[in-house]
Amino acid sequence: MQKLAELCVRRPVFATMLIMSLTVVGIFSFFSLGVDLFPKIDLPTITVTVINPGASPREVETELTDKVEAAVNTISGIDELRSTSVEGVSQVFITFVLEKNADIAAQEVRDKVNLITGDLPETAEQPVIQKLDTDAAPVLRIAVSAGRSLREATDIADKDIKKRIESLNGVGNVQIIGGSRREIQVKVDPDKMRAFNITVPEVVGAVRAQNLEVPGGRLDEGTRELTVRTMGRITDPADFNQIAVSTRGGYSVKLSDIGYVEDGTEEQRTSARLNGQPAVTLIVSKQSGKNTVQVADDVKARLAELQPELSKKGVRTQLVGDQSIFIKAAVESIETHLVEGGLLAAIVVFLFLWNIRSTLIAAIAIPTSIVATFGLMAAMGYTLNQITMLALTLMVGIVIDDAIVVLENIYRFVEEKGVAPFQAAIEGTREIGLAVMATTFSLLAVFIPVGFMGGIVGRFMSSFGLTSAFAIAVSLLVSFTLTPMLAARLIKRREAAEGTGTGSMPSEADAGLADESKVAAGEPLKIGAAHQDLHGDAALVNGAPLGGCRRVRARYPEHLPALPLRRQKLPAR
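Residues numbered from 1 in each chain as written. Predicted model: local features only at pLDDT ≥ 70, side-chain atom pairs only at ≥ 80, totals over all residues. Heavy atoms only, no water.

Thoughts on the packing of helix H10 (residues 323–353) against helix H11 (residues 356–363)
It is at 9 Å that the axes of H10 and H11 come closest, and there the two elements cross at 140°. By the angle between their axes, H10 is oblique relative to H11. The element H10 and its partner H11 pack so that their crossing is right-handed. Contacts from Ala-346, Val-349, Phe-350 and Leu-353 of H10 reach H11 at Ile-356, Ser-358, Thr-359, Ala-362 and Ala-363. Partitioned by chemical class, the residues of the contact of H10 with H11 number seven nonpolar, two polar and no charged. (Axes fitted to C-alpha atoms, helices over the stretch in contact; angles between N-to-C directions. Helix = DSSP H or I, 4+ residues; strand = E, 2+ residues; numbered from the N terminus. Parallel < 35°, antiparallel > 145°, perpendicular 65-115°, else oblique. Left-handed = near helix turned anticlockwise from the far one by under 90°. Contact = heavy atoms within 4.5 Å. Nonpolar A, V, L, I, M, F, W, Y, C, P; charged D, E, K, R; others polar.)

Looking at the sheet that holds strand S4 (residues 128–131)
The sheet built from four strands is open, its strands ordered S2-S3-S1-S4 with antiparallel pairing. Among the strands making up the open sheet, the edge pair consists of strand S2 (78–86) and S4. Put simply, the sheet's adjacent strands are angled 15° from each other on average, direction ignored. Pairing of S2 with strand S3 (residues 89–96) involves eight bridges; the strand directions are antiparallel. Pairing of Ile-78 across the sheet is with Phe-96, part of S3. Across the sheet, helix H3 (residues 57–72) lies against strand S1 (45–51), S2 and S3, angled at about 160° from S2, the strand it touches most. (Pairing = 2+ DSSP bridges.)

Structural notes on a nonpolar patch on the surface
Nonpolar side chains collect at one region of the surface, where Val-13, Met-17, Met-20, Val-24, Ile-27, Phe-28 and Phe-31 lie side by side and expose about 750 Å² of accessible area between them. Following the sequence through the fold, Val-13 ends up in helix H2 (residues 12–32). (Patch = residues over 30% accessible without salt bridge, like charges linked within 9 Å, V, L, I, M, F, W, Y side chains within 5 Å. Areas by Shrake-Rupley, 256 points an atom, 1.4 Å probe, with all protein chains shown as cover. Salt bridge = Lys/Arg side-chain N within 4 Å of Asp/Glu carboxyl O.)

Focus on the sheet that holds strand S15 (residues 280–286)
In spatial order, the strands read S6-S15-S5-S16; together these four strands make up an open sheet with antiparallel pairing. In this open sheet, the two edge strands, each paired with only one partner strand, are strand S6 (171–177) and strand S16 (315–322). Pairs of neighbouring strands in the sheet enclose a mean axial angle of 25°, with direction left out of account. Pairing analysis gives six bridges linking strand S5 (residues 138–146) to S15, with the strands arranged antiparallel. For Ala-143, the partnering residue across the bridge sits in S15 and is Thr-281. Most of the contacts of helix H5 (residues 150–166) go to S15, to which it runs at about 20°, and overall it touches S5, S6, S15 and S16.

Remarks on the side chain of Asp-158
Position of Asp-158 relative to the elements: it lies in helix H5. The buried category is assigned to Asp-158, whose relative accessible area is 15%. When sequence neighbours within four positions are dropped, the list of residues in contact with Asp-158 reads Lys-163, Ile-176 and Arg-181. (Buried < 20%, exposed > 50% of the residue type's maximum accessible area, 1.4 Å probe, protein only.)

A look at the confidence of the model for the chain
When the pLDDT values of the chain are averaged, the result is 77; 85% of them are 70 or greater. Across residues 496–570, confidence stays below pLDDT 50; counting only partners more than four residues off in sequence or on other chains, it has 56 contacts. (pLDDT = per-residue confidence, 0-100.)

A closer look at the packing of helix H12 (residues 365–380) against helix H15 (residues 455–490)
One can describe the packing of H12 onto H15 by two numbers: an axis separation of 8 Å at closest approach and a directional angle of 135°. Here H12 lies oblique to H15, going by the angle between them. Judged by the sense of rotation from one axis to the other, the crossing of H12 with H15 is right-handed. On H15, the residues touching Ala-365, Thr-368, Ser-369, Ala-372, Thr-373, Leu-376, Met-377 and Met-380 of H12 are Leu-466, Thr-467, Phe-470, Ala-471, Val-474, Ser-475 and Val-478. Per-class residue counts for the contact of H12 with H15 are 10 nonpolar, five polar and no charged.

As for H3
Owing to its 3.6 residues per turn, the α-helix brings residues three or four apart onto one side. Taking 1.5 Å per residue as the helical rise, H3 with its 16 residues ought to reach 22 Å, and the 21 Å between its terminal C-alpha atoms agrees with that figure. In H3, a bend of some 35° at Thr-65 exceeds every other bend along the element. Turning to H3, its buried residues are Val-60, Leu-64, Thr-65, Val-68, Ala-71 and Val-72. Here the buried face of H3 lies against S1, S2, S3 and helix H4 (102–115). (Expected span 1.5 Å × (residues − 1). Bend = angle between axes of the 7 residues up to and from the residue.)

Digging into the packing of aromatic side chains
Across all of its chains, the model carries three aromatic pairs by this definition. Where Phe-30 meets Phe-374, the ring centres are 5.0 Å apart and the plane angle is 50°; that geometry is what we call tilted. Residue Phe-30 is located in helix H2, and its partner Phe-374 is located in helix H12; the two are separated by 344 residues in the primary sequence. Since its relative accessible area comes to 28%, Phe-30 is described here as partly exposed. Centroid distance Phe-447 to Phe-464: 6.4 Å. Interplanar angle 50°. Geometry classified as tilted. With a gap of 17 residues between them, Phe-447 in helix H14 (residues 421–450) and Phe-464 in helix H15 connect regions that are remote in the sequence. As far as the burial class goes, Phe-447 and Phe-464 line up, both buried. In textbook terms, an aromatic cluster arises when at least three aromatic residues are bridged by ring pairs, as seen for Phe-30, Phe-31 and Phe-374. Above the plane of the ring of Phe-93 lies Arg-82, whose end atom (NZ or CZ) is 4.5 Å from the centre. (Phe/Tyr/Trp six-rings, centres within 6.5 Å; stacked < 30°, edge-to-face > 60°. Lys NZ or Arg CZ within 6 Å of the ring centre and 35° of its normal.)

Shown next as structure tokens:
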């Protein structure tokens, strides 16, 4: 690293481009980073849901839950297996160890459940296998209200709003809560069915068979080929009454003979209200790995586009839940603390150094280290969340340490040893380099293991440890490249700054020794005001001042034997 520091002092363009490359990558990476509340945590938990309408909890447990549990229990890496059996619904939760890949675990569960699908009751629906994804969480809740029936409001929310929102990039799912959907209800009279000796399965089979569109094949017409389709689906609810259920004694029993058809709504299982009035709520969930704030902003923009069209229909939309507001506030607060911390750190450094140039050299390590860290975050797939931003905020006071140590040692070489700033930057960095590296490596030894912690805590803190470690590593690079390069060109000795010379001011004893050595060598010296023994006149011996000659003769009598003195009048100053 000392060789790198010397190279950067002698080649300032190389040092500047080296740090600028990291900074530019960090700046561009910053705009591509997602914004979220917490880091993405992939928990290997799989849910198997099987629905059997009308089955009692005991039947659900014996016919569904037990069979699913027995099938998935043979999969390796299961940490916990639990289930819930309620009326008509069986749910089995399989939690794997954290080292298990969630995608692989889901595929293994899917393969095992497919093997027992044929053993499930005929009335049971197809098993639904889902991977628990905490990152695909709801981001918005939109309340839809209208001055009309709840059924009409549900249709508008479904066709005009939900379908338009689902097409947006990043939107994973839109769920309707509190809606009332249209349902054609067939109501039969048990007494009339008994009179005609007709059962419920016969009614269900007749409705299903006579309300169906079936393909009729192809029809060739010259060079054209047409597709034939049988239009068997009923469009008018009243036509359901004309469905023939069965034939009894030559008489075709119609649906109207044993009951009637009603154009109604399905049984409402959820409810939503806005200001005390029935409403429909749309819950918008984002796709896994997508930017929460970006998805929320896109949905809001789409709602703004739809508002003129919805206003004509008397429909009003209102956001009743927005996860992005809290995320923005949290991240902006941490960003503010980050900037304030950097400024306060620079002010503290200025109070100790009391030099604007030195403060600038040391403080430049803060933005370069922080901005360069954004490049690592983008490469690792991290987001700007509370954990990573907390790491950057804490690093503000640490990344400046290496630069301060190197700068202070260079400053000491210039002020105390009188070394030229250019050479002081090389020598000062070489002398303190090993200590700076030891300090930085000790910090890396603390934060890097945090990035490789296991368990749930490790999933949260891995981004914290690696983000902190990279910022510290960049600060070490800055202290050996940019700091000595700037110090060699910005640090000036105080005497040079005050215009009294380019060298450091020697002490009185050093000045005397210098004068004496020059006299001993036979060099002429100018008399100083502190060394004048005569006011206005000076006795010269071969061009040397008398005061200097006396001191040299007292110390070195063998070099200056008794010489004849010649008085000379000096001009007044």
